[in-house]
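# Commentary on secondary and tertiary structure
Take a look at the letters that make up each chain.
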Amino acid sequence: MKILTLGGGGREHAIVWALSKSHMVDEIHCMPGNGGIQDLAILHEGDHTNPDEVLSLSKRINPDLVVIGPEAPLVNGVADVLRQEGYSVFGPNKAGARLEGSKAFAKTFMKRNNIPTASFDVCTQLPEAMEALKKRTAPYVVKADGLAAGKGAFVLQDLKEAQEICEALLNKNYLKEAGKTIVVEDFLPGRELTVLVITDGSDYIMLPPSQDHKRAWDNDKGPNTGGMGAYAPVPWVDKKMTSQIEKTIVKPTIDGLKKENIPFKGVLYCGLMIDEKQECRVLEYNVRMGDPETQVVLPIFEGDLAETMLACSKGSLKDIKVPLVQKAAVGVVIASGGYPSAYKTGFEIHGIERLSNVDDIIIFHAGTKKVSNKYYTTGGRVLTVVGIGGNIEEARKKVYKNIEVISFEGHFYRKDIAARLEGPNNA
Ligand code: AMP
Ligand code: GLY
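Just so we're clear, the structure is a prediction, and the values are computed from it rather than from any experiment.

## Notes on the sheet that holds strand β3 (residues 42-43)
Taken together, five strands build an open sheet; the order of strands is β3-β2-β1-β4-β5 and the sheet is parallel. What marks the edges here is a single partner per strand, and that holds for β3 and β5 (89-90). Sheet topology places strand β2 (residues 27-32) next to β3; two bridges connect them, and they run parallel. By the bridge assignment, His29 is partnered in β3 with Ile42. In the packing of helix α1 (residues 10-20) onto the sheet, contacts are made with β1 (2-7), β2 and β4 (65-68), and the angle to β1 comes to roughly 170 degrees. Strands β1, β2 and β4 of the sheet are contacted by helix α2 (residues 51-61), whose axis makes an angle of about 160 degrees with β1.

## So, the packing of aromatic side chains
Applying the stated rule across the entire model yields six aromatic pairs. Aromatic side chains Phe105 and Phe109 sit 6.2 Å apart centroid to centroid with 35 degrees between the ring planes, which places their arrangement in the tilted category. Residue Phe105 and its partner Phe109 are located together in helix α6 (residues 103-112), separated by four residues, close to a single helical turn. Here the two residues Phe105 and Phe109 agree in accessibility, since each one is buried. One aromatic cluster in this structure is built from Phe105, Phe109 and Tyr285.

## With respect to the pairing of strand β20 (residues 368-371)
Across four bridges, β20 lies against strand β21 (residues 374-377) in antiparallel orientation. In the sheet register, Lys369 faces β21, and the bridge partner there is Tyr376. Counting the residues in the hairpin turn of β20 and β21 gives two residues, including Ser372, whose phi is positive at 40 degrees.

## Comments concerning the site of ligand 1
Taken together, 13 residues sit near ligand 1, with Lys143, Glu185, Leu188, Glu192 and Glu284 positioned nearest. Taking Glu185, its side chain carries an N or O atom lying 2.7 Å from a nitrogen atom of ligand 1. For ligand 1, whose free accessible area comes to 470 Å², the fraction covered by protein is 85%. Where the shell around ligand 1 is concerned, the elements lending two or more residues are β7 (140-144) and β17 (280-286).

## Notes on the pattern of salt bridges
Counted according to the given criterion, the structure contains 22 salt bridges. Between Glu12 and Arg11 there is a salt bridge whose closest N-O contact spans 2.8 Å. Summarising the burial analysis for this pair, Glu12 and Arg11 share the class buried. One salt bridge connects Arg288 with Glu100, and the closest N-O pair in it is separated by 3.1 Å. Taken together, the positions of Arg288 in the loop between β17 and α10 (293-297) and Glu100 in helix α5 (residues 94-101) put the pair 188 residues apart, joining distant regions of the chain. Overall, Arg288 belongs to the buried group, its relative accessible area being 13%.

Reading the values: the criteria
Residues numbered from 1 in each chain as written. Chains lettered and ligands numbered in written order. Predicted model: local features only at pLDDT ≥ 70, side-chain atom pairs only at ≥ 80, totals over all residues. Heavy atoms only, no water. Pairing = 2+ DSSP bridges. Helix = DSSP H or I, 4+ residues; strand = E, 2+ residues; numbered from the N terminus. Contact = heavy atoms within 4.5 Å. Axes fitted to C-alpha atoms, helices over the stretch in contact; angles between N-to-C directions. Phe/Tyr/Trp six-rings, centres within 6.5 Å; stacked < 30°, edge-to-face > 60°. Buried < 20%, exposed > 50% of the residue type's maximum accessible area, 1.4 Å probe, protein only. Near = heavy atom within 4 Å. Polar contact = N/O pair within 3.5 Å; in protein donor to acceptor, adjacent residues only side chain to side chain. Areas by Shrake-Rupley, 256 points an atom, 1.4 Å probe, with all protein chains shown as cover. Salt bridge = Lys/Arg side-chain N within 4 Å of Asp/Glu carboxyl O.

Next up, the structure:
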């Protein structure tokens, strides 16, 4: 099989790495890729979010499967254009991608399909937004409808600040088109959880639950980031909770898509909040794998990812059986000094080769490039170092024992990934 993968982050390196382990795969291409993916795939320059550019590359290399990593190409309709031309694609069409591309669509979809989520109001005018805030108490939650690179959700203690955000979004062009419609919703307390589901629109495979760490610094301090580390599986999610999530969220979502005639072949990312009564509600959907969740979920995935994704793209996921997870993984992101605010790039990364042959350690690249056999930083999140073990504690020890070998100017990482493993009862 020849596979084309789109994207160039840690998630895509983990996807390419897992695909490269399959006996079915002969050749992997990636647009645009990064310094680590370059060691496993043939890289192609270009705009992977542009349907025309991706189609013309596909015509040149003729892949048996195209795997779309990030949300932007999905929301732009890259999958639609490729499917029209007869390619097998892993990733939903534009209509399905609205579950991530429009918060208002996602919330009204959940309401129509009785899927538990925070109660909400969709607003396009400032007076409506003021009413929606007045109905609620602090903390206030305001979200821009459209894609905003992780910067579109606001959780605010102060009513005045919440009113100002609504005004900035609706009337002052803050976040541009993405903020012309907003969602104001109830605050949900509890613990967050990610559940990734591979689905062909009828059948589905739930991957082991994982947990992201969104704040930049230890003890969940500092600004929000794309994610500074993750672990999987999550020990407090037992069989009962898994089946509750399946029954009240996963199945109704997939059935709802079907009922609304929205074909969906790819990953449904359920971002959940679990409260102290063990109630599970959807905070957000995404339509692709999580980053850095993928970097911990795929190394413990016991199936053949290429076979699974191909079957998904062809609508025959029911034929795939994936063995149960046996191991645990903890992934720690190494970031550029200053991230998520301004940071410098172009620094040489030291130590990668010293970990390349260490058992149960995997390094996934994000913002890197390779020049004459050396790796240099090109982004905010640079690497995810993943430790594997029989349980989270072992995996955590493994990663922190080895990560200090890696360095570049200004680098930093959180020291407390997977340090708090208690469930929502203690949230
Ligand atoms: P979203 O982009 O919708 O996932 O929101 C980003 C982050 O804001 C989430 O990961 C949560 O930490 C927080 N958040 C969003 N919505 C809520 C809510 N209704 N209640 C509490 N926290 C929320
Ligand atoms: N880790 C959060 C996300 O991928 O959206």
